[in-house]
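Summary of structural features
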Amino acid sequence: MLRDIDPILSPDLLHALRAMGHGDEIVIADANFPAEGLGPRCIRADGSSASDMLRAVLSVLPLDTFVPDPAHSMAVVDDPDAIPEAVADFQRIIDDTADHPARIVPLERFAFYERAASAFAVIQTGERRLYGNIILKKGVIAP
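None of the values given here were measured: they were computed from a predicted structure.

Analysis parameters
- Residues numbered from 1 in each chain as written.
- Predicted model: local features only at pLDDT ≥ 70, side-chain atom pairs only at ≥ 80, totals over all residues.
- Heavy atoms only, no water.
- Salt bridge = Lys/Arg side-chain N within 4 Å of Asp/Glu carboxyl O.
- Helix = DSSP H or I, 4+ residues; strand = E, 2+ residues; numbered from the N terminus.
- Buried < 20%, exposed > 50% of the residue type's maximum accessible area, 1.4 Å probe, protein only.
- 1 Å grid on protein atoms, 1.4 Å probe; cavity = no way out; pocket = protein on both sides within 12 Å on 5 of 7 lines; lining within 4 Å.
- Points joined across faces, edges and corners; volume = space filled by probe spheres on them.
- Nonpolar A, V, L, I, M, F, W, Y, C, P; charged D, E, K, R; others polar.
- Arc of directions from axis to C-beta.
- Contact = heavy atoms within 4.5 Å.
- Polar contact = N/O pair within 3.5 Å; in protein donor to acceptor, adjacent residues only side chain to side chain.

**Observations concerning the pattern of salt bridges**
- Summed over all chains, the structure comprises 10 salt bridges.
- For E25, the salt bridge identified is with K137, shortest N-O distance 3.3 Å. Taken together, the positions of E25 in strand 1 (residues 25–29) and K137 in strand 6 (residues 134–137) put the pair 112 residues apart, joining distant regions of the chain.
- Exposure remark for E25: the relative accessible area of 10% places this residue in the buried category.
- The shortest N-O distance in the salt bridge between R44 and D46 comes to 2.7 Å.

In structure tokens:
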């Protein structure tokens, strides 16, 4: 255990977050997401919701301020303008927690998978809400 570090951030996850560089991306994925077969390292967090994981990750990871869209969700198939419950919750968490809040921009399902395949890592949570997936681009820690 460490002080001031959310205990759902496992040692493996903390290592990955610390090893990431500016511009690297991490995926927080729901229980249905094909994380293991996608390619990047998969860090299991089956007992956590995606919302709790997002809050914990944002407590130690800055969002990139050098790009217009440092956060992406998966657009709803056949209804790209819909905002799923999980994504609305993610936006509230980003607004309340991120050092530089940003709007979440949806990506078409297969574009999301393609982008996730090039991420630094995927955190597979136990999230059961549909579309409970988000990609975050890491920013810099300023002096």
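**A look at the layout of surface pockets**
- Of the voids in this model, the largest pocket is the one considered here, and its volume is about 180 Å³.
- Per-element tally for the lining of the largest pocket: the top contributor is helix 4 (residues 85–97), with 3 residues.
- Tallied by class, residues from the lining of the largest pocket come to 11 nonpolar, 2 polar and 2 charged.

**Observations regarding helix 5 (residues 109–117)**
- Taken as a whole, helix 5 has its buried residues at F112, Y113 and A116. Projection of helix 5 onto a plane perpendicular to its axis shows the buried side chains occupying an angular sector of 100°, all on one side. In helix 5, those exposed residues whose orientation departs by more than 90 degrees from the buried face are F110 and E114.
- Tucked inside the fold, the buried residues of helix 5 contact strand 1, helix 2 (35–38), strand 3 (71–74), strand 4 (105–107), strand 5 (121–125) and strand 6.
- At the N-terminal end of helix 5, a side-chain oxygen is found 3.0 Å from the backbone nitrogen of F110, two or three residues along, and the residue is E108.

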